[in-house]
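Close look at the chain arrangement
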Amino acid sequence: MFLFIAVNFDDATKNKLGGITRLLAAGATSGNFTATDNFHLTLVFIGETSEDKLPLITRVLDSVTQKPFLLSLGGLGKFGRSGGDIWWFGVKQNPALSGLNSFISEGLRERGFDIERRAYRPHITLGRQVIPGPGFESAAFEATLPLLNIWVKKISLMKSERIRGQIKYFEVYGKELE
């Protein structure tokens, strides 16, 4: 099972992100753009994991005591890659989010999971292998983007599956923040 822990978005937020992605795609010559249903914010990437390890992960999630918090999304960025860049929508710095990432990562490491130790850089992937078209101005495009505020009230253990050539994400377990 290919697993990660995420903040999932409501349909209204997914639709707004989908609109941003469609505008980015219209300004690109090519790219692999995120499907609206797949928008999420990864908290912790776990990777390929056997099903018998699920109880270890859910115990870590059950130990989270974080209260719901407001998260601001906005801005545009990219990670440079050969063959096209990964373009993303930003996540404003948030101590509750960073603390949640640290707490879950450390809890999983203590239970034997190989969780990466590089700095957490929260973002929402809009597209991979994106090659902007001629005349595309990222600064001008970014200036048109909204700031989105969402309440984080739940975190989810997600699995990724390829179905008929498309990546789909499914919630395996959810933890309400209270």
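Look a little higher up for the structure.
Residues numbered from 1 in each chain as written. Predicted model: local features only at pLDDT ≥ 70, side-chain atom pairs only at ≥ 80, totals over all residues. Heavy atoms only, no water.

Of the pockets and cavities examined, the largest pocket occupies roughly 1,200 Å³. Looking at the largest pocket, it is lined by 39 residues, and the ones nearest its centre are Thr42, Phe45, His123, Thr125 and Arg128. When contributions to the lining of the largest pocket are tallied by element, the ones reaching two or more residues are strand E1 (2–8), strand E2 (28–33), strand E3 (40–48), helix H3 (95–110), strand E6 (123–132), strand E8 (154–163) and strand E9 (166–176). Here the lining of the largest pocket takes six residues from E3, the largest share from any one element. For the lining of the largest pocket, the class distribution of residues is 18 nonpolar, 13 polar and eight charged. Estimates place the volume of the second largest pocket at around 230 Å³. Together, Val7, Asn8, Phe9, Asp10, Thr13, Ile150, Trp151, Val152, Lys153, Lys154, Ser156 and Glu171 line the second largest pocket. (1 Å grid on protein atoms, 1.4 Å probe; cavity = no way out; pocket = protein on both sides within 12 Å on 5 of 7 lines; lining within 4 Å. Points joined across faces, edges and corners; volume = space filled by probe spheres on them. Helix = DSSP H or I, 4+ residues; strand = E, 2+ residues; numbered from the N terminus. Nonpolar A, V, L, I, M, F, W, Y, C, P; charged D, E, K, R; others polar.)

Looking now at H3. With 16 residues, H3 should reach 22 Å at 1.5 Å per residue; the first-to-last C-alpha distance of 22 Å fits that figure. Of all the positions in H3, only Ala96, Leu97, Leu100, Asn101, Ile104, Ser105, Gly107, Leu108 and Arg109 are classed as buried. Packing partners of the buried residues in H3 comprise E1, E3, helix H2 (54–62), strand E4 (69–79), strand E5 (85–91) and E8. Its side-chain oxygen 2.9 Å from the backbone nitrogen of Ala96, Asn94 forms the N-cap of H3. Where H3 terminates, the next one or two residues include Gly112, which has phi positive at roughly 95°. (Expected span 1.5 Å × (residues − 1). Buried < 20%, exposed > 50% of the residue type's maximum accessible area, 1.4 Å probe, protein only. Contact = heavy atoms within 4.5 Å. Polar contact = N/O pair within 3.5 Å; in protein donor to acceptor, adjacent residues only side chain to side chain.)

Right, let's talk about the sheet that holds E2 for a bit. Hydrogen bonds along the backbone pair up the strands of a sheet, which may run parallel or antiparallel. With respect to topology, five strands assemble into an open sheet ordered E2-E6-E5-E4-E7, the strand pairing being antiparallel. The open sheet has two free edges, formed respectively by E2 and strand E7 (148–152), since each of these has just one partner strand. Each strand axis lies, on average, 35° off the axis of its neighbour in the sheet, ignoring direction. Of the strand pairs in this sheet, E4 and E7 are connected by five bridges, and their pairing is antiparallel. Residue pairing in the sheet places Phe69 in a bridge with Val152 of E7. Each of E2, E4, E5, E6 and E7 touches helix H1 (residues 11–26); the most contacted strand, E2, lies at about 145° to it. (Pairing = 2+ DSSP bridges. Axes fitted to C-alpha atoms, helices over the stretch in contact; angles between N-to-C directions.)

The subject of this paragraph is H1. An ideal rise of 1.5 Å per residue puts 22 Å on 16 residues; H1 measures up with 22 Å between its terminal C-alpha atoms. Looking only at H1, the buried set comprises Thr13, Lys14, Leu17, Gly18, Ile20, Thr21 and Leu24. Down the axis of H1, the buried set is contained in an arc of 165°. They therefore lie on one face. Set apart from the buried face of H1 by more than 90 degrees, the exposed residues are Asp11, Arg22, Leu23 and Ala26. Considering only its buried residues, H1 is in contact with E2, E4, E5, E6, helix H4 (138–143) and E7. (Arc of directions from axis to C-beta.)

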